[in-house]
Amino acid sequence: MSTILIVDDSKFMRLTLKNLIEKSFSGAHTVAGEAGSAKEAVQKYQELKPDLVTMDIIMPEESGLEAVKRIVAIDGNAKIIMVSAMGQEKIVEEAMMLGARSFIVKPVKTEDLIKSIEKVIGR
Amino acid sequence: MDEMDLSQFREVFVSEAKEHLVSLNAALVELEKKPSNKDVLSDIFRVAHTLKGMSATMGYEKVTNLTHVMEDVLDKLRKSEVQAKGNVVDVIFECFDKLESLITEIETGVESKIDIDGIVHRLQDLIEGKEEKKSPGQKTKEPEAPAVKEARDQEDAAQQAGQQPAEQEAAAGTKKAKTSIRINISHLDTMMNLVGEMVISKSQLEQIAAENQIVALKQTLQQLDRIAVDLQEAVLKTRMVPLSQIFDRYPRMMRDLALKLGKEVDFEIFGADIEIDRMLMEEINEPLVHLLRNAVDHGIEAPDVRAAVGKERKAHIELSARRERGYIAIQVKDDGKGMDPQVVKEKAVQKGIVSEEDAKTMPDDEIFLLICDPRFSTAETITDISGRGVGMDVVKTSLESFNGRLSIDSISGKGSTFTVNLPLSIAIISALLVRVQDETYAIPLNNITEVVPFLRQNLKSIEKKEVIILRNEVLPLIWLEKALGVTKEKDYTEKDNKYVLRVESGNKAVGLVADNFIGRKEIVIKSLSGIMKRARGLSGATILGDGSVVLILDVNNIV
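Remember, it's a predicted structure, so these values are computed and weren't measured experimentally.

Draft legend 1. Looking closely at the overall build of chain A. Across its full length, chain A holds five helices and five strands. Ordered by position in the sequence, the α and β elements of chain A form the string β-α-β-α-β-α-β-α-β-α. Within chain A, the proportion of its 123 residues that are buried is 52%. Long-range pairs, those at least 24 residues apart, make up 63% of the contacts in chain A between residues at least 6 apart in sequence. For chain A, the accessible surface area stands at approximately 5500 Å², while carbon and sulfur atoms represent 52% of it.

Draft legend 2. Local environment of helix α2 (residues 38–58) of chain B. All names here are of chain B. For α2, with 21 residues, the first-to-last C-alpha span of 30 Å sits near the 30 Å given by 1.5 Å per residue. Where burial is concerned, most of α2 is hidden: 16 out of the 21 residues are buried. Between the side-chain oxygen at the start of α2 and the backbone nitrogen of aspartate 39 there is a gap of 3.1 Å, and the oxygen is on asparagine 37. Positive phi appears at glycine 59, one or two residues downstream of α2, with a value of about 80°.

Draft legend 3. Representation of the pattern of salt bridges within the structure. Inspection of the entire model under this criterion finds 31 salt bridges over all chains. The closest approach of N and O atoms between A:Arg14 and A:Glu34, which form a salt bridge, is 2.9 Å. A residue pair is termed long-range when its members are at least 10 positions apart, and A:Arg14 in helix α1 (residues 11–24) and A:Glu34 in strand β2 (residues 29–35) qualify at 20 residues. For A:Arg14, a relative accessible area of 2% corresponds to the buried category. Shared partners join several salt bridges into a network, and the residues in it are B:Glu32, B:Asp90, B:Asp97, B:Arg252, B:Arg255 and B:Asp256.

Draft legend 4. Structural detail: the packing of helix α8 (residues 185–212) of chain B against helix α9 (residues 215–238) of chain B. All names here are of chain B. Contact pair α8 / α9: the axes reach a minimum separation of 10 Å and the direction vectors enclose 160°. With respect to each other, α8 and α9 are oriented roughly antiparallel. As for how α8 packs across α9, the hand of that crossing is left-handed. Between α8, through Leu188, Met191, Met192, Val195, Met198, Val199, Lys202, Leu205, Glu206, Ala209 and Ala210, and α9, the contact on the second element is made entirely by Leu217, Lys218, Leu221, Leu224, Asp225, Ala228, Leu231, Gln232, Val235, Leu236 and Thr238.

Draft legend 5. Spatial organisation of the interface of chain B and chain A. Between chain B and chain A, the residue contacts involve 21 residues of the former and 22 residues of the latter. Taken together, the two surfaces of chain B and chain A that pack against each other cover about 2000 Å², and 66% of this comes from carbon and sulfur. Put simply, chain B and chain A have one salt bridge between them. Across the pair A:Asp9 and B:Arg46 runs a salt bridge, and its minimum N-O distance is 3.6 Å. At the boundary of chain B and chain A, one finds three residue pairs in polar contact (both at pLDDT 80 or more). For the side of chain B that touches chain A, the secondary-structure elements that each account for two or more residues are α1 (10–33) and α2 of chain B. At eight residues, the largest contribution of residues to the side of chain B that touches chain A is made by α2(B).

Draft legend 6. Up close: the sheet that holds strand β4 (residues 80–84) of chain A. Residue and element names in this part refer to chain A. Taken together, the five strands give an open sheet; going across it, the order is β2-β1-β3-β4-β5, and neighbouring strands pair in parallel fashion. Two strands in the sheet have a free side with no partner beyond their single neighbour: β2 and β5 (102–105). On average, each strand axis in the sheet is inclined to that of its neighbour by 25°, with strand direction left out of account. Lying on the sheet, α1 is in contact with β1 (2–7), β2, β3 (52–56) and β4; it crosses β2 at an angle near 170°. Where helix α3 (residues 64–74) meets the sheet, its contacts fall on β3 and β4, and the angle it forms with β3 comes to roughly 155°.

Draft legend 7. Focus on the confidence of the model for chain B. Residue and element names in this part refer to chain B. Scored by pLDDT, chain B has a mean of 79; 83% of the residues are at 70 or more. Contacts of residues 132–178 to residues separated by more than four positions or lying in other chains number 75 contacts, the stretch itself having pLDDT below 50. Confidence estimates for the predicted assembly give a pTM of 0.55 and an ipTM of 0.71.

Draft legend 8. Quick look at the pairing of β4(A). Residues and elements named next belong to chain A. Counting buried residues in β4 gives five out of five residues, a clear majority hidden from the surface. Note: β3 against β4, four bridges, orientation parallel. Paired with valine 53 across the bridge in β4 is isoleucine 80. With four bridges connecting them, β4 and β5 associate as parallel partners. The partner of valine 83 across the bridge, within β5, is isoleucine 104.

Draft legend 9. Quick look at the sheet that holds strand β15 (residues 508–514) of chain B. Residues and elements named next belong to chain B. Spatially, the six strands line up as an open sheet ordered β10-β14-β15-β13-β12-β11, and their pairing is mixed. Both outer strands of the open sheet, β10 (448–453) and β11 (459–462), are each paired with one neighbouring strand and no more. Ignoring which end each strand starts from, the neighbouring axes of this sheet average 40° apart. Where strand β12 (residues 465–470) meets strand β13 (residues 473–479), four bridges bridge the pair, whose relative direction is antiparallel. Bridge pairing links isoleucine 469 to valine 474 in β13.

Draft legend 10. How the structure looks around the nonpolar core. Residue and element names in this part refer to chain B. Leu243, Phe247, Tyr250, Ile284, Leu288 and Ile330 are the most contacted members of the largest nonpolar core, which totals 53 residues. Considering each element in turn, this core owes the most residues, nine residues, to helix α12 (residues 278–299). Look past the residues within four positions of leucine 288 in its chain and what remains in contact with it is Ile246, Phe247, Tyr250, Leu319, Ile330 and Val332. Ranked by size, the runner-up nonpolar core spans 49 residues in total, among them Leu31, Met54, Ile103 and Leu123.

Draft legend 11. Local environment of the environment of B:Glu301. Residues and elements named next belong to chain B. Residue position: glutamate 301 is located in the loop between α12 and α13 (303–308). Judged by its relative accessible area of 8%, glutamate 301 is buried. Sequence-wise, glutamate 301 and glycine 336 are 35 residues apart; in three dimensions their C-alpha atoms are separated by 5.9 Å. Once residues lying within four places of it in the same chain are set aside, the contact partners of glutamate 301 are Lys263, Arg306, Lys311, Asp335, Gly336 and Lys337. A distance of 2.8 Å separates polar atoms of two side chains, one belonging to glutamate 301 and the other to lysine 311. Among the polar contacts made by the side chain of glutamate 301, one reaches the main-chain amide nitrogen of lysine 337 at a distance of 3.3 Å.

Cut-offs used in this document
Residues numbered from 1 in each chain as written. Chains lettered and ligands numbered in written order. Predicted model: local features only at pLDDT ≥ 70, side-chain atom pairs only at ≥ 80, totals over all residues. Heavy atoms only, no water. Helix = DSSP H or I, 4+ residues; strand = E, 2+ residues; numbered from the N terminus. Buried < 20%, exposed > 50% of the residue type's maximum accessible area, 1.4 Å probe, protein only. Contact = heavy atoms within 4.5 Å. Areas by Shrake-Rupley, 256 points an atom, 1.4 Å probe, with all protein chains shown as cover. Expected span 1.5 Å × (residues − 1). Polar contact = N/O pair within 3.5 Å; in protein donor to acceptor, adjacent residues only side chain to side chain. Salt bridge = Lys/Arg side-chain N within 4 Å of Asp/Glu carboxyl O. Axes fitted to C-alpha atoms, helices over the stretch in contact; angles between N-to-C directions. Parallel < 35°, antiparallel > 145°, perpendicular 65-115°, else oblique. Left-handed = near helix turned anticlockwise from the far one by under 90°. Buried area = accessible area lost by both parts, 1.4 Å probe. Pairing = 2+ DSSP bridges. pLDDT = per-residue confidence, 0-100. Core = buried A, V, L, I, M, F, W, Y, C linked by side-chain atoms within 4.5 Å.

In structure tokens form, the structure reads like this:
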């Protein structure tokens, strides 16, 4: 069983993602926590040490990229999946360079999410 | 996402989307003021983007498509390929309105066939750099098909609904999304009531302990007392929300209003972070909207008129909130034409609101309040100031219904200031219990500044009115037993061992004479009903530990 940290500034998006994860894996992967900002994401990562992070890109104050940078600096093995909107390929590319392992596109499709999570966790 | 039942997320979606729209509107007003402000622009971009993601997740196509096109326009703005002024801003505002209608449609589940093609085309025109032909501020006149017309009516209705307090409930909360949860307001109300009841039961226990001399119980009760006070505060805090929840929607309103009336307004807000009891906030929204509208409509002059009298063309209207001891003061201040007390006075006399005699000695602040008399304003608004009276009686009465006080200050030619003083909370207050004849009364502690023994040698008479000298200050004296009509003997003024309470109301101070005072108590306000409601000088009642009912004096009304 693995634990997941969801990072998104929208409470609504966190809620839907959480629901999706819990339904799709029927308990195999659980959501350990949620963060609403890059700063909180780093803090929660240290606190909860999750197996996986889903990371929104555009957030107030600091972006998801900043969070990826800092989390990877703390834990080189951090497994981060970027959750991006369409048309953000450049940013996603940058995130992968920084150490993100995979990405999914909003609106999130169940099979994409399952594939992505299994790929990253399985590694 | 298809296998998921998304409907359960609709509620969260709607409330978050509405919040985003409020901040989008506020930010765009800001951007219009300073088109080069990149920070505001990227805020707008981010929020629009979030909204798009959310609606795509829920499968709301119209919202998704509209936000998508809007995002493209915003991107052009960000790249400075389009300037954030004139009709560009207007079109984006219209787009916000359309989004609001769409979200209302989602919320209510009532299909109203809202058409987004028109607005999408206009947004696309902006992207392609096509100039809009209309002049800024003018309402677009597209040929409207019946279906579109209907949608527009819906839109208007939705906008009006947006003015209703109900929507604020949805807007509450998620600003600090990380640590907050949504609670139905009725649960908080129940908690508040229960805490109130507990405070009463606690006083009853205290009484039993005192009567029976039970030491152990007394000690435990002291502990309980501390807990009760903390609990009370904690519950009160859960109901506190920042004023920004209503303040944030005003910039857009002011902008539209100024545009409609052909005026130029620089609107500023201060103190939006001040927190206030949520129930109170609902109550003050409407009076505040009224005061702000009045300021644009009647307070400030048209740009040309201002220029002619040597003022800046752009008028300045300021909405500010600040915390004072025991209350919150909210001010609406304009630098418009102001009011002449002499003119108001003459009109009030002419309308029979005050007698000529009374008017002569009336201080200015009282004169200005006369504009709140329903008789003051009439349909024929001829004079300069008559327009000011419109709806002011409604403003004043609704403020008074929850112990708010309105005061007005104005300098002819310079502008007017309307100040609303609000209690911090409406349910539990600290009060001083006093005895007058055989009765006990409660006086809200925030009205009282001092209690001193009544000394006959300090009693003076000025212009046939009794006053008392308190450290060089001349205080008009009010004998409570006379004011309340509970006098038993004729020579009530002759008795000694009385106390003078120095109380303040507005900017007036007087001395109230009471027979004795019992002490300070936290009391739960129960409102009066029936014929008691109209009793002058009383604002409510409370139940003491021994079960007796005590009336709460309305100092503002007695003074």
